[in-house]
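For reference, the chains in residue letters:
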Amino acid sequence: MDIYLDANATTPVLPRARAAALAAMADDFGNPSSVHSTGLKARALMDSVRARARRLLGAPSGGLLFLSGATEGIQTAVLSALSSLRGRTDVDCILYGATEHKAVPEAIRHWNRLLGLDLRVLPIPVGRDGRHDLQWLRAHAGRAGLVCTMAANNETGVISDLDGIEQALAGSPALWMVDSVQALGKLELRLAAHRIDYAPFSGHKLYAPKGIGMLYVREGAPFTPLMAGGGQEGALRSGTENMSGIAALGTVLEALEDGQTFMGRRTLEAYRERIAAALKSAFPGVVFNAPFELSLPTTLNFSVPGLDSKLLQDLFDAADVRVSGGSACGAAKALPSHVLEAMGLPAWQAASAVRLSFGPASDPAFIDEACARIGSCGASLRASCLSTSEEAPRPGNALDGLTRFVVGGACCYLVADADSRRCVVIDPLPELTGRISQLLRCQEYTLVAALDTHSHGDHVSSGGELRAALPARLLAQGGFDALGWPLGIDAICLGAQMLTRLATPGHTADSTAYLLHDAQMNIRLAFVGDTVMPGALGRSDFAQSAPLAFGSSLKKLQQAAGPRTLLLPAHDYDDRFASTLVRECAAQPLLAQVLAGGIDAQHFAAAKAELEEGLALTEYQTLACGARVDTGCAGTGHEMSAAEARRLLRENPGLLLVDVREPYEQRLSESLPFGADAHCEAVPLSGLLNALPAWLALPTATPVLFYCRSGNRSAQAAKALRRLGHAQAWSLSGGLALWPARVAEESGAAVH
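Quick caveat: nothing in here was measured; it's all calculated off a predicted structure.

K.L.:
What am I meant to see in the side chain of Thr298 here?
P.N.:
Inspection of the secondary structure assignment puts Thr298 in the loop between strand E9 (287–288) and strand E10 (299–303). Under the relative-accessibility criterion, Thr298 is labelled buried at 1%. Thr298 has contacts with Lys186, Leu268, Leu356, Ser357, Phe358 and Pro360, leaving out every residue within four places of it along the chain.

K.L.:
Before we go on, may I ask you to explain the sheet that holds strand E12 (residues 354–357) in this structure?
P.N.:
In any sheet, the strands associate via hydrogen bonds between backbone groups, in a parallel or an antiparallel arrangement. Judged by pairing direction, the sheet is antiparallel, and its three strands sit side by side in the order E9-E10-E12 without closing on themselves. In this open sheet, the two strands that pair with only one neighbour each are E9 and E12. Relative to E12, E10 is paired through four bridges, and the arrangement is antiparallel. Counterpart to Leu300 in the pairing with E12 is Leu356.

K.L.:
How do you make sense of the pairing of strand E3 (residues 93–97) when you look at a structure like this?
P.N.:
In the case of a regular strand, side chains alternate between the two sheet surfaces. Burial analysis of E3 places five of its five residues in the buried class, the great majority of the element. The two faces of E3 match: Cys93, Leu95 and Gly97 on one face and Ile94 and Tyr96 on the other face are all buried. Each parallel crossover has a hand, and for E3 linked through helix H4 (residues 103–114) to strand E4 (residues 120–124) it is right-handed. Pairing geometry for E3 and strand E5 (residues 144–150), over four bridges, is parallel. Residue pairing for E5: Tyr96 is matched across the bridge by Cys148.

K.L.:
Even after reading the chapter, I still don't get the sheet that holds strand E15 (residues 422–426), so can you show me in this structure?
P.N.:
Pairing is mixed across the open sheet formed by four strands, whose spatial order is E13-E14-E15-E16. The sheet is open, and its two borders are formed by strand E13 (401–407) and strand E16 (446–451), each paired with just one other strand. The sheet shows a mean angle of 15° between the axes of neighbouring strands, direction not considered. Note: E13 against strand E14 (residues 410–417), seven bridges, orientation antiparallel. When the bridges of E14 are listed, Leu402 appears paired with Val415. Here helix H13 (residues 433–443) sits on the sheet and contacts E13, E14, E15 and E16; the angle it forms with E14, its principal contact strand, is near 5°.

K.L.:
Where do I start with the pattern of salt bridges in this structure?
P.N.:
Here the idea is simple: oppositely charged side chains can pair when their charged atoms come close. Evaluated as defined, the whole model comprises 30 salt bridges. Of the charged contacts, one joins Asp317 and Arg709 as a salt bridge, the two residues approaching to 3.5 Å between their closest N and O atoms. Taken together, the positions of Asp317 in helix H9 (residues 309–318) and Arg709 in the loop between strand E28 (704–707) and helix H22 (712–723) put the pair 392 residues apart, joining distant regions of the chain.

K.L.:
Could you clarify how one ought to interpret the state of the cysteines in this entry?
P.N.:
One covalent bond between the sulfur atoms of two cysteine residues makes up a disulfide. Applying the stated criterion across every chain yields a total of one disulfide. Residue pairing for Cys385: its cysteine sulfur links by disulfide to Cys442, the two sulfurs lying 2.0 Å apart. With the S-S bond torsion at -60°, the cross-link from Cys385 to Cys442 turns out left-handed. Of this pair, Cys385 sits in the loop between helix H12 (364–383) and E13 while Cys442 sits in helix H13; the two residues are 57 residues apart in sequence, bridging distant segments of the chain. Among the residues examined, Cys385 registers a relative accessible area of 0% and is labelled buried. A relative accessible area of 8% means that Cys442 is categorised as buried. Left without a disulfide partner, Cys680 is nearest to the cysteine sulfur of Cys708, which lies 14 Å away.

K.L.:
Teacher, can you tell me more about the packing of H9 against H12 here?
P.N.:
The packing of two helices is summarised by the inter-axis angle and the distance between the axes. In contact at an axis separation of 10 Å, H9 and H12 are set at 120° when each is read in the N-to-C sense. Judged by the angle between their axes, H9 and H12 are oblique. By crossing handedness, the relation of H9 to H12 is classed as right-handed. Across the interface between the two elements, Leu311, Leu315 and Phe316 of H9 pack against Ile374, Cys377, Ser380 and Leu381 of H12.

K.L.:
Explanation requested: the pairing of strand E2 (residues 63–67) in the structure shown.
P.N.:
Among the five residues of E2, five are classified as buried, and the element is accordingly described as predominantly covered. Of the two faces of E2, the one carrying Gly63, Leu65 and Leu67 and the one carrying Leu64 and Phe66 are both buried. Both E2 and strand E8 (residues 213–217) contribute to a ladder of five bridges, which runs antiparallel. Opposite Leu64, over in E8, you have Tyr216 as the bridge partner.

K.L.:
Help me understand the packing of helix H3 (residues 70–83) against H4, please; the structure alone is not making it clear to me.
P.N.:
Interhelical geometry of H3 versus H4 gives an angle of 40° and a closest axis separation of 9 Å. Regarding the angle of H3 to H4, the classification is oblique. For the element pair H3 and H4, the recorded crossing hand is right-handed. Here Ile74, Gln75, Val78, Leu79 and Leu82 of H3 lie close against H4, whose contacting residues are Ala103, Val104, Ala107, Ile108, His110, Trp111 and Asn112. In terms of residue class, the contact of H3 with H4 is made up of nine nonpolar, three polar and no charged.

K.L.:
Just to check I follow, could you spell out the environment of Gln520 for this structure?
P.N.:
Relative to the helices and strands, Gln520 resides in the loop between strand E19 (512–517) and strand E20 (523–529). With relative accessibility at 59%, the residue Gln520 sits in the exposed group. C-alpha of Gln520 to C-alpha of Met498: the two residues are 22 residues apart in sequence and 9.9 Å apart in space.

K.L.:
Before we go on, may I ask you to explain the nonpolar core in this structure?
P.N.:
Nonpolar side chains tend toward joint burial in soluble globular proteins. Judged by nonpolar contacts, the single largest core of 51 residues is most densely connected at Leu57 and Val147. In terms of residue count, the dominant contributor to this core is helix H7 (residues 243–258) (eight residues). With residues up to four places along the chain from it excluded, the contact list for Val147 reads Leu95, Ile124, Leu137, Leu169, Ala174, Leu175, Trp176 and Met177. Counting residues in each nonpolar core, the second largest holds 41 residues, with Tyr413, Leu525, Phe527 and Ala729 among its members.

Conventions used here
Once a new chain begins, its residue numbering starts again from 1 and follows that chain's sequence as written. Per-residue local features are limited, in this predicted model, to residues with pLDDT of at least 70; the limit for side-chain atom pairs, both in listing and counting, is 80 or more; totals at the level of whole chains, interfaces and linings are taken over all residues. Calculated side-chain values reflect all of the structure's heavy atoms, with hydrogen atoms and water omitted. Note on conventions: DSSP H or I runs of at least 4 residues are helices, E runs of at least 2 residues are strands, and numbering of each starts at the N terminus. Accessible area is worked out with a 1.4 Å probe on protein chains only. A residue is then buried under 20% of its type maximum, exposed over 50%, and partly exposed in between. Contact criterion: two residues are considered in contact whenever any of their non-hydrogen atoms come within 4.5 Å of each other. Strand pairing follows a simple DSSP-based rule, namely that at least 2 bridges must link the two strands. Handedness of a crossover is defined as follows: orient the strands so they point away from the viewer, and if the path from the first strand over the helix to the second runs clockwise, the crossover is right-handed. Every axis in this analysis is a line fitted to C-alpha atoms, fitted for helices over the stretch in contact. Angles between the N-to-C directions lie between 0 and 180 degrees. A pair is scored as a salt bridge if a Lys or Arg side-chain nitrogen falls within 4 Å of a carboxyl oxygen belonging to Asp or Glu. Cysteine sulfur atoms are paired as a disulfide whenever they come within 2.5 Å of each other. An angle below 35 degrees is read as roughly parallel, one above 145 as roughly antiparallel, one from 65 to 115 as roughly perpendicular, and any other as oblique. In a left-handed crossing the near helix is turned counterclockwise from the far helix by less than a right angle, and in a right-handed crossing that turn is clockwise. All amino acids are sorted into three groups, where Ala, Val, Leu, Ile, Met, Phe, Trp, Tyr, Cys and Pro are nonpolar, Asp, Glu, Lys and Arg are charged, and the leftover types, Gly among them, are polar. By nonpolar core we mean a set of buried residues, namely Ala, Val, Leu, Ile, Met, Phe, Trp, Tyr and Cys, connected to one another through side-chain atoms within 4.5 Å.

Read these as layout, nothing more, since geometry by itself doesn't imply function.
Structure (structure tokens):
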């Protein structure tokens, strides 16, 4: 059973509304513009829904149009307002709330440009509570032609002070649009009691289908149709009306009026308190990003120190709890919330925020189950040593091998030995100090060294910060050099493994590679910093670089590690995980030339310098540490559909299935999606490097099918393995979300 807690994105359709939509398609299917009896019935249905909407919205006068949803409503309102401003000399700006849904500023910029107005477009600042700065608004309203605010925010649930905004607009020539999408069914709306000129609504945010919405237009407000045509909706919105959507929306509005389906504010506030308590218990230190007293009771926006938004979303999804990182329209971009940034919250809060929202039709049993699932998520984190709770237990599965962390393309590695309870961190990152120190404290591992592969240009080493975060009992004794290597020793022992170092000046004068040897002293892996990256050589145009030494360092690395040892970089901008000198020589002609002795140090340095001229910032807006000459993905065709995967399972008993979800997700998933007889391995993406050598040694015809929740992480794994030479590496397209199709709930099932 899914626990759907993303109601601000969309809601399931109310069973009664579904039935009404089907009836409108099967029985009352007439065109409301037709004058025969079937058409007249449709017209009567539409008129009755409009009348009900007027009562609920407090809008006895003015226009109330049916249209496709809020985006069309916003476009229509902005077009109408801005069209009326042409030729006006008393206005010079358009104002919108800094926390508005992106549909609003995008519409403003679009029509401002298209109509040739070239008015200034200014965001209205908000305070830490998410409410508009009314003093700022009052100061700018006198020259504004349009002001756009929202009744309640879609990410935080913060309720705008509409009375205060109206007072701030006193004497202003501005037209006023209020995005009321999140308010319907949750706030009392009195549109006609305010000077609101436009108010868009969307049905699918309150148990109606997608594709139906409304736009309120105050009587006398300027109006320009977005669509011209057959003259429907009084010639204000042409196009045959969506009668099934209108019928469904009417049923939802009827449920609002009868007071039997939707919970009252006090009940919803009690639900919120229960969920907040469950979050506090599951995630000690949780921070709520908006004050409850100023917010919708159905929305909780929170952050957990040390845990990023994606980790939390993956965790919840593994427990079949659906949450989001903010607006559904921006979720795919995985950027920090512009809403929380506008509120002035710390960067970590904006980057790690999760939005949890439930619908006003939720019942107590649903809230009970939601709280129980939240508790199981917290328990899974504690078992993975990711909880900040002081009572976090030491799990039975101790850290062993290599764990990879990535922040903005920068890589950090934790090398741990379970038998000796000793570990080394390579290229520590400040963003990971809390997480890694918590992990080591929870598992009682001694940090032998925090090593840097070079002095970094894009961040300060956090080795000292990491050591300071650990108790003395978990720190190896003795001093260390500038890169963190313990003084007086040539090798670091980690149980049967050993770490040695190799000076590789070039990227910087102090660049160092760390070589991990097995019990037979064979080199398993080489941590090469930015000397060699997938698709690039580290740049050597810094003040601390040694460009003339770069070529000889590459030859030293080849001699020490060999052509096929996995090289682990300090930066991996394309999620390739590792490479080898053989693979990089095929992708980088300059590297192949220097290793073959075809170019001397001087000419190599000059050729590199030419590649590195004018390097732009990375997609993470950080300093690029190398000029990438091989930036393409590892070919196409790595995705495998569910149907193809089922066929492969039947026809190839040797198929290796690899679950790349993290342990805290795997722990919450009890089902065996491919059956008990399938050959499955659990290799989290963070530990993929431990398994790569074995997979590369498989017979070339052995298929390896990676899977995860959505198909994104499994695609990274498949492309990485393919790039290293195993062509039969695949990713399950759509992940477990599309495997197999879930059995549809009965039509009479409850909605939440």
